[in-house]
Amino acid sequence: MGNEHKVLTRPAWLLALLGLVLVGAGAALWHQHQHDQAQTAAADQARRLANSLAGELGQRVNRRREQLEQLAGRPDSPAPTFDQPLTPTPWRDNTRQLRIPDGHPGEERLSFTLRELLHNLRERGEVVVSSKGGEQPALLMARTTPGGAMILEHDLRPWLRSLDQRLPQGSALTLSQGDLTLIRRGQTGGASATASARGGPFNLTLAVPPAPPSWQSLLLPAGISAALILLVIYAVFARRQPAPAASAVRRPDSAPARPAAPAASSLPPAPEPEPEPQTQTEPEPGPAPPQALFGPDGIRATDDAPLDSTALEQLGRAIGSEAGAAGQHTLFVVCTGEADAKAALIDGLMASGRQVVDLGEAPPAVLHYATEVLESQSGVCLTGDGDQRALDVVINSELLHGDRLLTLRDRLLARNLDEGSGEREQRDLNDRYLNAVADDIILARPMSVAVQGTGATAGLAPRLLGELGCKVVAVEGTDVDALARTVGEQNLNLGLAFDAGGGLSLVASDGRLIAADRLLMLLARDLLERNPGADVLFNMTDNQALADLIRKQGGRPVMDDGGPARLRARMKELAVPLAGEANGHIFFADRWYGFSDALYAAARLLEVLSLQAGNSAEAFAPYTDTF
């Protein structure tokens, strides 16, 4: 009996084993790649959240400090007499106040934390910030007053409860002041990504666990490797020939067998004709908007290069693809222009597979606010109509300008575009934005303001100023002379004009227009009084008076010839708390987020003016106008 045919020969087994090894190695490498990506994403998320939460905490500290300064100068309630106990009384915003006369016998019965706070206050003679942890964590501040001291105690529990909705599952947060740990929430895992940031006198540390790689991520390498193994095994068996059949036994009377014709497979194979070399051709360039649209500071329509619906749809495709390459799959959209232009832009974004959150008609600052506090750090703002249209693009917290804008056109020319079908969601962020601005501003006295402008910023200004307690008079049109007349005729403190691009113009109480450099002088002086040695960035390079004032106040003038987008980038790079631009763009990273925001700048200006006894014309008089 002949040998049985073996199913697999030794070489085939070796090939199969090699294939299994490749499967394991490929799956392990892919799994590690997914793990590394998850670690990177967790680190980015931890950094953004830590900076955002620390910024919120710093704003709370600054707000309570200013409230304390005002309360100490204007006693709203009498101090307890010597026969009354020292008990904090409710005030507002989860805050209690306590007035302590010098020598009050109840001081010895205060908690150790409050007694230490008073001891430090009397040693330093300035506002002292402290805190307490435990079951009722609170921010504490103390300031001397004539004949005693005042303490504000701000309850941090509502803020901590709000974090439960905002922190990723499994994350841990630690809040400390010096060597004292005040709050610890959650447990830190060994693989968690950790980031720290400072908010006032506090250090906030956040640990975010990386998302575990999904088991579906192994399907691709496993499937490819399995297919390769099957192909190898098939190739091995296809080359093996079946064993020759045993020769039949010849019968004596049979004729001699004819020699069998050679099998076709034993013939040498005919040489295959060599394929003709194919010439590789470059892909034809795709459609792209003209290069004239791409200015140094943004995408701007011109007379020869309109930013029409076709161009906006193309740019939406390119912006969505660029955001996807940066790991940003959701984009916010703010639009103050015509509906068809907005629809074309959103159609392009969704065609690249991106998810679109439509924030409706809102100021440009709302887009930047969204990228700082919400789930994505990318978005687009479309302003103006016709040949006044402009497009600002933020990707991964970077406001694109210069050569970075041209990469969008390069994508269109190379047809390097993502394909997909994204979804659109409608959301209104205006109320949250206005509340955030109002929560940061305190006016020492009521102010009266005239407001002019046609964009979304001007539309929200009366709401914000009314919330701050101002008298607001609306002025129709864009004629600054009409704004000046209204200020003079109605004896108002200030006139504010907002343009669609985010710039701010001023009219003082005497009806005179205040140039951007004089506005920055006033704001810089106020900032440097509280932040000695800080940098101030501006692009008014021919204004020596501005630079001299900053140096005289102990700051450092930093000059740059770029526009708003470049100034924002430089501001981040140098960690500058205040920047200004000749067209009225003001950037505050002190108590705010560092983007150009005309509404916030106007509110900060009113806060400064409300602390001065004279009118706004007198406040601006010392500052030289060189424009």
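Chemist: Run through the packing of aromatic side chains, naming residues and quoting values.
Modeler: Counting across every chain of the model gives eight aromatic pairs. We note Arg-604 situated over the ring of Phe-588; from NZ or CZ to the ring centre the distance is 4.2 Å.

Chemist: Quick rundown of the pattern of salt bridges? Include the residues and the values.
Modeler: Counting across every chain of the model gives 31 salt bridges. The salt bridge involving Glu-66 is made with Arg-591; its shortest N-O contact spans 2.6 Å. Taken together, the residues span a long stretch of sequence, with Glu-66 in helix α1 (residues 10-73) and Arg-591 in the loop between β25 (586-588) and α15 (598-610) at a distance of 525 residues. Each member of the pair, Glu-66 together with Arg-591, is buried.

Chemist: Outline the confidence of the model for the protein chain, supporting the account with residue identities and numerical values.
Modeler: In the predicted model, the protein chain carries a mean pLDDT of 83, and the fraction of residues at 70 or more is 81%. When mean pLDDT is taken per element in the protein chain, strand β17 (residues 448-452) scores highest with 98 and helix α4 (residues 219-239) scores lowest with 60. Low pLDDT, under 50, characterises residues 1-6; the predicted model gives this stretch one contact beyond four residues in sequence or across chains. The low-confidence segment residues 243-267 (pLDDT under 50) makes two contacts with residues lying over four places distant or belonging to another chain.

Chemist: Outline the pairing of β17, supporting the account with residue identities and numerical values.
Modeler: Of all five residues in β17, five are buried; the element is thus mostly enclosed. Residues Ser-448, Ala-450 and Gln-452 line one face of β17 and the alternating positions Val-449 and Val-451 line the opposite face, and both faces are buried. Here five bridges tie β17 to strand β18 (residues 471-475), and the two strands are oriented parallel to one another. From the neighbouring strand, Gln-452 faces β18, where its bridge partner is Val-475. Chirality of the crossover, the property in question, places the unit of β17, helix α10 (residues 456-467) and β18 among those that are right-handed. Looking at chain direction, β17 and strand β19 (residues 494-498) are connected through four bridges and run parallel. By the bridge assignment, Val-449 is partnered in β19 with Leu-494.

Chemist: Describe the layout of surface pockets, naming the residues involved and giving the relevant values.
Modeler: Counted as a void, the second largest pocket has a volume near 640 Å³. Around the second largest pocket, the lining comprises 38 residues; the ones closest to its centre are Arg-300, Asp-392, Gly-501, Pro-564 and His-585. Looking at the lining of the second largest pocket, the elements that each hand over two or more residues are α7 (364-373), β14 (390-395), α14 (564-574) and α15. The residue makeup of the lining of the second largest pocket, split by class, is 15 nonpolar, 14 polar and nine charged.

Chemist: I'd love a proper account of the nonpolar core, names of residues and values included.
Modeler: Judged by nonpolar contacts, the single largest core of 78 residues is most densely connected at Phe-498 and Trp-592. For this core, the leading source of residues is α15, giving ten residues. Those residues within four positions of Trp-592 in sequence are excluded, and the remaining contacts are Gln-59, Tyr-369, Tyr-433, Ala-436, Val-437, Asp-597 and Tyr-600.

Chemist: Can you break down the state of the cysteines residue by residue, with the values?
Modeler: A full pass over the atoms with the stated rule returns zero disulfides. Counting only cysteine sulfurs, Cys-381 is the nearest neighbor of Cys-335, a cysteine outside any disulfide, at a range of 7.9 Å.

Chemist: So what's going on with helix α6 (residues 339-351)? Residues and values would help.
Modeler: Compared with an ideal rise of 1.5 Å per residue, which puts 13 residues at 18 Å, α6 spans 18 Å between its outermost C-alpha atoms and is within 8% of the ideal. Looking at the packing, one finds that the buried side of α6 touches α5 (309-325), β11 (330-335), β12 (355-358), β13 (379-383), β14 and β16 (424-426).

Thresholds, definitions, all that
- Residues numbered from 1 in each chain as written.
- Predicted model: local features only at pLDDT ≥ 70, side-chain atom pairs only at ≥ 80, totals over all residues.
- Heavy atoms only, no water.
- Phe/Tyr/Trp six-rings, centres within 6.5 Å; stacked < 30°, edge-to-face > 60°.
- Lys NZ or Arg CZ within 6 Å of the ring centre and 35° of its normal.
- Salt bridge = Lys/Arg side-chain N within 4 Å of Asp/Glu carboxyl O.
- Helix = DSSP H or I, 4+ residues; strand = E, 2+ residues; numbered from the N terminus.
- Buried < 20%, exposed > 50% of the residue type's maximum accessible area, 1.4 Å probe, protein only.
- pLDDT = per-residue confidence, 0-100.
- Contact = heavy atoms within 4.5 Å.
- Pairing = 2+ DSSP bridges.
- Right-handed = clockwise from strand over helix to strand, strands pointing away.
- 1 Å grid on protein atoms, 1.4 Å probe; cavity = no way out; pocket = protein on both sides within 12 Å on 5 of 7 lines; lining within 4 Å.
- Points joined across faces, edges and corners; volume = space filled by probe spheres on them.
- Nonpolar A, V, L, I, M, F, W, Y, C, P; charged D, E, K, R; others polar.
- Core = buried A, V, L, I, M, F, W, Y, C linked by side-chain atoms within 4.5 Å.
- Disulfide = S-S within 2.5 Å.
- Expected span 1.5 Å × (residues − 1).

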